[in-house]
Amino acid sequence: MITLRRIVGSLSLVLILAQVLLILVSWLLSATMMPGVRSLLSPEGLRWYAGQFTHLLLTPLLSWLLLLSMSAGCFLRSGLCDVLRSPATYRERLALRVVLVLLILYIGVIVLLVAAPHAVLLSATGRLWPSPFSMALVPIGAFGVVLVSAVYGVLSNHFGGFSDVIGSLIDGLQASAPLLFLYLLAVQFYASLMYVLMR
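The following paragraphs examine the structure supplied in this document. Quick caveat, the model's predicted, so the values are computed rather than measured.

Glancing now at helix α5 (residues 90–115). In a regular helix each residue adds 1.5 Å, so 26 residues correspond to 38 Å; α5 covers 37 Å between its end C-alpha atoms and thus fits that length. Among the residues making up α5, those that are buried are E92, A95, V99, Y106, I110 and V114. On the buried face of α5, the contacting elements are α4 (80–83), α6 (132–135) and α7 (137–155).

Okay, here's the thing in structure tokens:
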């Protein structure tokens, strides 16, 4: 059976080889004075790569990946995904009802923050897209999943306390570590390609 780690490992190898090939090809093409191509091995290219490495990784996609990983870990470990199929115990059914009320309240608060006149999360012109709401859609969703999952996990006794909730968030990050590594390689390759080809 093909696992996520094996797929990520294969994709990572492809990206590493592509990065090395890009470095060599950019050097060869710039040595032949091809217009519009910059070398990653030139002093300018090395300064760019070293100076921009951290900046290039800091994209909204990284934040979304981290938030979605933590919320998925909390959701899976809370037992909420299992109980949605068939609530087994009275405690789980009660926790599910409480979580349903909490979810309705959470969605209601979000709707009030975007639907009321002069709502806080609308843009200055009163639009929904683009607005602070549209830019925070993934964090709002991830926070909602964590809130609902944590409350369910505590009430149903799947979480023993706050430390278990934090542990579930960390579990989500650990599970997504291969994707984070793949993200790092993909962003660096894309940025390097843009540097070599764009003036």
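Here the narrative resumes, following the displayed structure.
Moving on, we come to the side chain of R38. On the secondary structure map, R38 appears in the loop between α1 (4–31) and α2 (43–57). Take R38: its relative accessible area is 16%, and that puts it in the buried class.

Within the secondary structure, G45 sits in helix α2. Between the C-alpha atoms of G45 and W27, which are 18 residues apart in sequence, the distance is 9.9 Å. With near-sequence residues (within four places) excluded, G45 lies in contact with S39, L40 and Y195.

In this section: the pattern of salt bridges. In the structure shown here, the tally under the stated rule is 2 salt bridges. Of the charged contacts in the structure, one is a salt bridge between E44 and R38, with a shortest N-O distance of 3.7 Å. For D171, the salt bridge identified is with R77, shortest N-O distance 2.7 Å. Taken together, the positions of D171 in helix α8 (residues 162–175) and R77 in helix α3 (residues 60–78) put the pair 94 residues apart, joining distant regions of the chain. D171 sits in the partly exposed class, given a relative accessible area of 31%.

Turning next to the side chain of S78. Mapping S78 onto the fold places it in helix α3. A polar contact of 2.9 Å, which involves the side chain of S78, links it to the backbone oxygen of F75.

Okay, the packing of α3 against α7 next. When two helices pack together, their arrangement is given by the angle between their axes and by how far apart the axes lie. Close contact between α3 and α7 brings their axes to 8 Å; oriented N to C, the two are set at 20°. The orientation of α3 with respect to α7, classified from their angle, is roughly parallel. Note that α3 runs across α7; the crossing there is left-handed. Residues W64, L67, L68, S71, C74, F75 and S78 of α3 form the contact with α7, whose own contacting residues are V138, P139, A142, V145, V146, S149, A150, Y152 and G153. Within the contact of α3 with α7, the residues separate by chemical class into 12 nonpolar, 4 polar and no charged.

How each quantity is defined
Residues numbered from 1 in each chain as written. Predicted model: local features only at pLDDT ≥ 70, side-chain atom pairs only at ≥ 80, totals over all residues. Heavy atoms only, no water. Helix = DSSP H or I, 4+ residues; strand = E, 2+ residues; numbered from the N terminus. Expected span 1.5 Å × (residues − 1). Buried < 20%, exposed > 50% of the residue type's maximum accessible area, 1.4 Å probe, protein only. Contact = heavy atoms within 4.5 Å. Salt bridge = Lys/Arg side-chain N within 4 Å of Asp/Glu carboxyl O. Polar contact = N/O pair within 3.5 Å; in protein donor to acceptor, adjacent residues only side chain to side chain. Axes fitted to C-alpha atoms, helices over the stretch in contact; angles between N-to-C directions. Parallel < 35°, antiparallel > 145°, perpendicular 65-115°, else oblique. Left-handed = near helix turned anticlockwise from the far one by under 90°. Nonpolar A, V, L, I, M, F, W, Y, C, P; charged D, E, K, R; others polar.

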